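Working through the structure, step by step
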Amino acid sequence: MIVEPAPAKINLALHVRHRRPDGYHELETLFAFATGGDEITVEIADADAFDITGPFAAALTPAPLQDGDEVVSDNLVTRARNAFRELFGITGNYLITLAKNLPIASGIGGGSADAAATLRALARLSNIPLTDPRLSDIAASLGADIPACLTGRTALGTGRGDDLADLTGLAGTPLLLVNPGVAVSTAAVFAGWDGIDRGALPAGDLLARARAGRNDLEPPATRLAPVIATVRAQLDAAPGAVLSRMSGSGATCFALFDTANARDAAAIDAEAQGWWTLATTLA
Ligand code: C5P
């Protein structure tokens, strides 16, 4: 049995540069990862099965379920499994369990992280090195964020977000994720971008680049879910916050803190509003 963490992804900055003819947007984004998130467990089985457990399982599970049904037929996890088996010519069956700890449709790469963890787990079960380029090909075919989630390393993402260059810095920084419980559609948020290129990321160390950067999806996401502005204002005002921003297409926002105590105090204030939080560190 292989247990593979599927850590939350955050975008320290996310610059949308222009719309592309393929319907995607050209991005410049700083990817970083939390030390906590979902978890994928894979074991060899007589027949394929896919189970979802954890606090956000219900959000992904349609009712009513038949015994033995795969819970969500088009989940990114089962799509990753099918693509892996096809490309590597493997005939085995798997029991895959997803512990869904992260809110869905929330800008922290949950589904992408789960698909990437599935690919890593299946590769490890089959003794395929994680550096095999076919894994990143599958990742890119499943979604723009999945190559970044496959490596799980801090990186500059360009193109659709899937051309990656590793970056260093900020490992161990106290990190708080806050989600106000509103799911927003990534496609709808991108569609609401105003088309204005506000420029490239500056040079410098990672924190300086992140602080000078922006998330260009924050205005369109906030139009769809105005509570994002309330979360951002609270995180901005939190004592010890070094940087606060929305991640991805939202609605999850994050803040980096100078101490774990400051992060934990901000988490208590966020929970008092009824918001979901994850108090963690940057990987
Ligand atoms: O690739 P993925 O399925 O994760 O993307 C979800 C949606 O987000 C796309 O259908 C597209 O509308 C939008 N998107 C985009 N430009 C990107 C990444 C995502 O427009 N670079």
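Residues numbered from 1 in each chain as written. Predicted model: local features only at pLDDT ≥ 70, side-chain atom pairs only at ≥ 80, totals over all residues. Heavy atoms only, no water.

1. Regarding the pattern of salt bridges
- One pass over the structure, following the stated rule, counts 19 salt bridges.
- Of the charged contacts, one joins Glu-28 and Arg-17 as a salt bridge, the two residues approaching to 3.5 Å between their closest N and O atoms. Of this pair, Glu-28 sits in strand S2 (residues 25–45) while Arg-17 sits in strand S1 (residues 2–19); the two residues are 11 residues apart in sequence, bridging distant segments of the chain.
- As a salt-bridge pair, Arg-20 and Glu-26 come within 3.1 Å of each other at their nearest N and O atoms. (Salt bridge = Lys/Arg side-chain N within 4 Å of Asp/Glu carboxyl O. Helix = DSSP H or I, 4+ residues; strand = E, 2+ residues; numbered from the N terminus.)

2. Considering helix H1 (residues 76–88)
- With 13 residues, H1 should cover 18 Å at 1.5 Å per step; its first-to-last C-alpha distance of 18 Å lies within 8% of that length.
- If you check which residues of H1 are buried, you get Val-77, Thr-78, Ala-80, Arg-81, Phe-84, Arg-85 and Phe-88. Projected onto a plane normal to the axis of H1, the buried residues spread over an arc of 155° and lie on a single side.
- Those residues of H1 hidden inside the fold are in contact with S2, strand S3 (49–53), strand S4 (93–99), helix H2 (110–125) and helix H3 (133–142).
- N-capping of H1 is provided by Asn-75, with a side-chain oxygen placed 2.7 Å from the backbone N of Val-77. (Expected span 1.5 Å × (residues − 1). Buried < 20%, exposed > 50% of the residue type's maximum accessible area, 1.4 Å probe, protein only. Arc of directions from axis to C-beta. Contact = heavy atoms within 4.5 Å. Polar contact = N/O pair within 3.5 Å; in protein donor to acceptor, adjacent residues only side chain to side chain.)

3. Let's talk about the domain arrangement of the chain
- Assigned domains within the chain: domain 1 (2–166) and domain 2 (174–281).
- Relative to domain 2, the C-alpha centre of domain 1 lies at a distance of 22 Å.
- Each partner contributes residues to the interface: domain 1 has 31 residues there, and domain 2 has 37 residues.
- Both faces combined, the contact of domain 1 with domain 2 buries some 2,600 Å², and carbon together with sulfur accounts for 63% of it.
- For the pair domain 1 and domain 2, the interface holds one salt bridge.
- With a shortest N-O distance of 2.7 Å, Arg-17 and Asp-197 are connected by a salt bridge. (Domains from an automatic or database assignment. Buried area = accessible area lost by both parts, 1.4 Å probe.)

4. Section: the site of the ligand
- Taken together, Gly-23, Tyr-24, His-25, Leu-27, Gly-143, Ala-144, Arg-160, Thr-186, Ala-187 and Phe-190 form the complete shell of residues around the ligand.
- Within the side chain of Tyr-24, a nitrogen or oxygen atom sits 2.8 Å from an oxygen atom of the ligand.
- His-25 is positioned such that a nitrogen or oxygen atom in its side chain is 2.6 Å from an oxygen atom of the ligand.
- When residues of the shell around the ligand are traced back to their parent elements, those giving at least two are S2 and helix H5 (186–191).
- Here the element with the most residues in the shell around the ligand is H5; it accounts for three residues.
- Class assignment of the residues belonging to the shell around the ligand gives a composition of five nonpolar, four polar and one charged.
- Lining the shell around the ligand are residues from two domains, each supplying at least three of them: domain 1 (2–166) and domain 2 (174–281). (Near = heavy atom within 4 Å. Nonpolar A, V, L, I, M, F, W, Y, C, P; charged D, E, K, R; others polar.)

5. Considerations on the environment of Thr-41
- Structurally, Thr-41 can be placed in strand S2.
- A relative accessible area of 14% means that Thr-41 is categorised as buried.
- Between the C-alpha atom of Thr-41 and that of Ala-266, which follows or precedes it by 225 residues, the distance is 32 Å.
- If we skip the residues at most four places from it in the chain, Thr-41 touches Met-1, Ile-2, Val-3, Leu-95, Ile-96 and Thr-97.

6. Notes on the pairing of strand S8 (residues 241–246)
- Note: S8 against strand S9 (residues 253–257), five bridges, orientation antiparallel. The residue bridging Arg-245 from the neighbouring strand is Phe-254, located in S9.
- In this antiparallel pair of consecutive strands, S8 and S9, the connection spans six residues, and Gly-248 shows a positive phi of 55°. (Pairing = 2+ DSSP bridges.)

7. Digging into the packing of H1 against H3
- Contact geometry for H1 and H3: axes closest at 10 Å, N-to-C directions at 140°. When the axes of H1 and H3 are compared, the pair comes out oblique. You can see that H1 and H3 cross each other, and the crossing is right-handed. Along the contact surface, H1 presents Leu-76, Arg-79, Ala-80, Ala-83, Phe-84, Leu-87 and Phe-88, while H3 presents Arg-134, Leu-135, Ile-138 and Leu-142.
- Per-class residue counts for the contact of H1 with H3 are nine nonpolar, no polar and two charged. (Axes fitted to C-alpha atoms, helices over the stretch in contact; angles between N-to-C directions. Parallel < 35°, antiparallel > 145°, perpendicular 65-115°, else oblique. Left-handed = near helix turned anticlockwise from the far one by under 90°.)

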